[in-house]
Amino acid sequence: MTRAVFLDRDGVLIEDVGLLTEHSAVRVLPGVAQTLGALRARGYKLVVVSNQTVIARGLATEGGVADVHRKLQADLNADAPSTVPEIDAWYFCPHHPHANVAEYRKDCECRKPKPGMLIDAASRLGIDLKQSVMIGDRLTDVAAGAAAGCRTILVQTGQHDAPPIVGGEAAAAAAKPDHVCADLAAAGRWILEER
Ligand SMILES: [Mg+2]
Ligand SMILES: [Zn+2]
């Protein structure tokens, strides 16, 4: 069994620009690539878990989102060439309860605040959820991490002050992060110093 850091994407790894559909809009936040490299060097698997309503809205395809992720990985590698900021798995939920696209309109088990993506990754990659941490910029990220049995960190580089996402209101109201800090770099220090 290995431990992992689960990462929300928008507002944690990259600027939250709203409905991101193209790599040209990707802006990696400061210190992200170096922090990912440091966590990986200490044995953490890195797993991105992202709600991608752009797919449910018909603004992007699953293949388009995967392409953005391939290019984002290249950006991370270029930002921290002396480390290996390699993401072990990229998960995204394409669903929404009110999706425009019929095939994505459902109450799924993967849309955060539900923990489906973390639980899938744990079984596929052999992750011990109790030894793992979820980092997000929304309380719905914190709720998903807690529901999976992880410790949780809320960072303040994104939507930490925004109202909860549709369907996530109750989970957000009940969510209590184990730690709150400025950004991913500070979250990484907290994780590594605690060990
Ligand atoms: Mg976010
Ligand atoms: Zn889903």
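Higher on the page you've got the structure.
All values derive from a computational prediction rather than experimental measurement.

Cis rather than trans, the peptide bond between Lys 112 and Pro 113 has omega equal to 20 degrees. Residue placement: Pro 113 occurs in the loop between strand S3 (89-93) and helix H4 (116-125).

For the rest of this paragraph, the subject is the pairing of strand S4 (residues 133-136). Taking every second residue as pointing to the same face, both faces of S4 are buried, with Val 133 and Ile 135 on one and Met 134 and Gly 136 on the other. In this structure, strand S1 (residues 4-7) lies alongside S4, joined through 3 bridges in parallel fashion. When the sheet's bridge partners are listed, Phe 6 is paired in S4 with Met 134. Sheet topology places S4 next to strand S5 (residues 151-155); 4 bridges connect them, and they run parallel. In the strand pairing of S5, Met 134 is matched with Thr 152. Once you follow S4 into helix H5 (residues 139-148) and on to S5, the crossover reads as right-handed.

This paragraph deals with the packing of helix H1 (residues 32-41) against helix H7 (residues 184-194). Contact geometry of H1 with H7 gives a least axis separation of 9 Å together with a crossing angle of 20 degrees. Accordingly, the angle class assigned to the pair H1 and H7 is roughly parallel. Between H1 and H7 lies a crossing of left-handed hand. Seen from H1, the contacting residues are Val 32, Thr 35, Ala 38 and Leu 39; seen from H7, they are Leu 184, Ala 185, Gly 188, Ile 191 and Leu 192. Looking at side-chain class alone, the contact of H1 with H7 contains 7 nonpolar, 2 polar and no charged residues.

This part is about the pairing of strand S2 (residues 45-51). Buried residues dominate S2, accounting for 7 of its 7 residues. On S2, burial covers both faces: Lys 45, Val 47, Val 49 and Asn 51 on one face and Leu 46, Val 48 and Ser 50 on the other are all buried. In the sheet, S1 pairs with S2 via 4 bridges, with the strands oriented parallel. Among the inter-strand pairings, Phe 6 is bridged to a residue of S2, identified as Val 47. Taken together, S1, H1 and S2 form a β-α-β motif whose crossover is right-handed. Relative to S3, S2 is paired through 5 bridges, and the arrangement is parallel. Considered in S3, the bridge of Asn 51 is made with Cys 93.

Okay, the nonpolar core next. Counting residues in each nonpolar core, the largest one holds 45 residues, and the members touching the most others are Val 5, Phe 6, Leu 7, Leu 118 and Ile 135. If you tally residues by element for this core, the top one is H5, at 7 residues. With sequence-adjacent residues up to four places away left out, Leu 7 is seen in contact with Val 12, Leu 13, Leu 46, Val 47, Val 48 and Ile 135. By size, the runner-up hydrophobic cluster in this structure holds 6 residues, among which are Leu 20, Ala 56, Ala 60 and Tyr 104.

The rules behind these values
- Residues numbered from 1 in each chain as written.
- Chains lettered and ligands numbered in written order.
- Predicted model: local features only at pLDDT ≥ 70, side-chain atom pairs only at ≥ 80, totals over all residues.
- Helix = DSSP H or I, 4+ residues; strand = E, 2+ residues; numbered from the N terminus.
- Buried ≥ 20, exposed ≤ 12 C-beta atoms within 10 Å, placed from the backbone.
- Pairing = 2+ DSSP bridges.
- Right-handed = clockwise from strand over helix to strand, strands pointing away.
- Axes fitted to C-alpha atoms, helices over the stretch in contact; angles between N-to-C directions.
- Parallel < 35°, antiparallel > 145°, perpendicular 65-115°, else oblique.
- Left-handed = near helix turned anticlockwise from the far one by under 90°.
- Contact = placed C-beta atoms within 7 Å.
- Nonpolar A, V, L, I, M, F, W, Y, C, P; charged D, E, K, R; others polar.
- Core = buried A, V, L, I, M, F, W, Y, C linked by C-beta atoms within 7 Å.

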